[in-house]
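Residue-level listing of the chains:
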Amino acid sequence: MIDLRDLRDDDCERLFLWRREPEVDRWMCGRAAESFDAHQRWFDAFRADADRRGWIINRNGAPVGFLTLTGLQDCNRHAEWGWYVGEAEARGRGVGRAAQALGLDQAFGALGLNKVWAQVLSDNETALKAQAAAGFRREGYLRRHALKDGEYRDVVLLAILAEEWAKARDAFVGALTSSRLIAA
């Protein structure tokens, strides 16, 4: 069973370790903090910033990933979306899809957003497919936009609107509840 929970103090080290995992880092547009002290400063600033929200993705009560929304104070009611599964044993098991459903419910329900958008490296087929399955649509393509390991990489811009999620939600969530990935 997948659920989301708010960040706690003891998540700082876990996020630092996950973010430095090669399989996580290779798909991120930004860079991991160089040191734990730099990461701690980022973590504290993130939690104190009303413009950002983050949740730990739990699988059967154990932390396995991280989901974020940034830009919550924007007058246009849209925010940037990001997520990853940090625990290798949880990848490829529907955790990301389930977390997306729960996160989109938060974004469009509790937070009242109109649009959620994301930047995805163009060669990250897994994320592109997962987000398309949730109803995200391609809105743009940024050539040589992210510098990763000394190489510029292309980025795909994806987004989903509140009304699109409302239409897609029942079918998407139904498949997850029948697979017992999330509660009904």
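Up top is the structure these notes are about.
The numbering scheme is per chain: residues are counted from 1 as the chain's sequence reads. Restriction of local features to residues with pLDDT of at least 70 applies here, the model being predicted, together with a cutoff of 80 or more for giving and counting side-chain atom pairs; totals for whole chains, interfaces and linings are based on all residues. Excluded from the side-chain calculations are hydrogens and water; all other atoms, namely the structure's heavy atoms, are used.

**Focus on the pairing of strand β7 (residues 151-161)**
Here is step 1 of the chain: Note on pairing: two strands pair once DSSP finds at least 2 bridges between them. Working definition: helices are DSSP H or I runs of at least four residues, strands are E runs of at least two. Numbering for both runs from the N terminus. Direction of pairing for strand β5 (residues 115-121) relative to β7: antiparallel, over a ladder of seven bridges. Each residue of the ladder has a partner; that of Gln119, found in β7, is Leu157.
Here is step 2 of the chain: What sits between the antiparallel neighbours strand β6 (residues 137-148) and β7 is a turn of two residues, in which Asp149 has the positive phi angle 50°.

**Focus on the nonpolar core**
Here is step 1 of the chain: Grouped together as the largest cluster of nonpolar side chains are 37 residues, with contacts concentrated most on Leu69, Trp81, Leu104, Leu113, Val116, Phe136 and Trp165.
Here is step 2 of the chain: Elements with a contribution of two residues or more to this core: β2 (52-59), β3 (62-70), β4 (78-85), α4 (95-110), β5, α5 (125-133), β7 and α6 (162-178).
Here is step 3 of the chain: Throughout, a residue-residue contact means that at least one pair of heavy atoms, one from each residue, lies within 4.5 Å. Excluding its chain neighbours within four sequence positions, the residues that come into contact with Phe136 are Trp81, Gln100, Leu104, Val116, Gln131, Leu158, Ala159 and Ile160.
Here is step 4 of the chain: Among the nonpolar cores identified, the runner-up in size contains 10 residues, and Cys12, Leu15, Trp18 and Val24 belong to it. In plain words, nonpolar cores are sets of buried Ala, Val, Leu, Ile, Met, Phe, Trp, Tyr and Cys residues tied together by side-chain atoms within 4.5 Å. When accessible area is computed with a 1.4 Å probe and restricted to protein chains, residues below 20% of their type maximum are described as buried, those above 50% as exposed, and intermediate ones as partly exposed.

**Thoughts on the pattern of salt bridges**
Here is step 1 of the chain: The salt bridge criterion pairs a side-chain nitrogen of Lys or Arg with a carboxyl oxygen of Asp or Glu, the two atoms within 4 Å. One pass over the structure, following the stated rule, counts 15 salt bridges.
Here is step 2 of the chain: Across the salt bridge formed by Glu89 and Arg59, the nearest N and O atoms sit 2.8 Å from each other. Here the residue Glu89 occupies a position in the loop between β4 and α4, and Arg59 occupies one in strand β2, the gap between them amounting to 30 residues.
Here is step 3 of the chain: Using a relative accessible area of 43% as the deciding quantity, one classes Glu89 as partly exposed.
Here is step 4 of the chain: Salt bridges linked by common partners bring Arg5, Asp11 and Arg14 together as one network.

**Some points on the environment of Arg20**
Here is step 1 of the chain: In this fold, Arg20 is placed in the loop between α1 (11-19) and α2 (22-25).
Here is step 2 of the chain: When sequence neighbours within four positions are dropped, the list of residues in contact with Arg20 reads Ala32, Ala33 and Glu34.
Here is step 3 of the chain: Pairing of N or O atoms within 3.5 Å defines a polar contact, subject to two protein rules: one partner must be a possible hydrogen donor and the other a possible acceptor, and residues neighboring in sequence count only if both atoms are side-chain atoms. Of note is the side chain of Arg20, whose polar atom sits 2.6 Å from the backbone oxygen of Ala33.

**Quick look at the sheet that holds β7**
Here is step 1 of the chain: Taking strand neighbours across the sheet as the criterion, the seven strands line up as β1-β2-β3-β4-β5-β7-β6 in an open arrangement whose pairing is mixed. The two strands at the open ends of the sheet, each matched to only one other strand, are β1 (2-6) and β6. Here the strands of the sheet are splayed against their neighbours by 30° on average, with no regard to which way each runs.
Here is step 2 of the chain: Axes here mean lines fitted to C-alpha atoms, for a helix over just the part in contact, with angles spanning 0 to 180 degrees between N-to-C directions. Where helix α3 (residues 36-48) meets the sheet, it contacts β2 and β3, and its direction lies at approximately 105° from that of β2.

**What to know about the packing of aromatic side chains**
Here is step 1 of the chain: Here a Phe, Tyr or Trp ring, Trp counted by its six-membered ring, pairs with any other such ring whose centre lies within 6.5 Å, and the pair is stacked when the planes are under 30 degrees apart, edge-to-face when over 60, and tilted otherwise. Applying the stated criterion across every chain yields a total of eight aromatic pairs.
Here is step 2 of the chain: With a centroid separation of 5.2 Å and an interplanar angle of 40°, the aromatic rings of Trp42 and Phe46 are classed as tilted. With Trp42 and Phe46 both in helix α3 and four residues apart, this pair spans about one turn of that helix.
Here is step 3 of the chain: Accessibility expressed as a relative area gives 33% for Trp42, which makes it partly exposed.
Here is step 4 of the chain: When the ring of Trp81 is compared with that of Phe136, the centres are 5.8 Å apart and the planes differ by 45°; the resulting orientation is tilted. Here Phe136 lies in the loop between α5 and β6 and Trp81 lies in strand β4, a separation of 55 residues in the sequence.
Here is step 5 of the chain: Linked through ring pairs, Trp18, Trp42, Phe46, Phe66 and Tyr84 together constitute an aromatic cluster.

**Thoughts on α3**
Here is step 1 of the chain: To estimate how far a helix should extend, the number of its residues minus one is multiplied by 1.5 Å. Its 13 residues place the ends of α3 18 Å apart at the C-alpha level, agreeing with the 18 Å of an ideal helix rising 1.5 Å per residue.
Here is step 2 of the chain: For α3, the set of buried residues is His39, Phe43 and Phe46. What you see down the axis of α3 is that its buried residues fit within an arc of 65°, all on one side. Of the residues in α3, the exposed ones pointing more than 90 degrees away from the buried face are Asp37, Arg41 and Ala48.
Here is step 3 of the chain: In this fold, the buried residues of α3 make contact with α1, β2 and β3. Think of it as the arc spanned by the lines of direction from the helix axis to the C-beta atoms.

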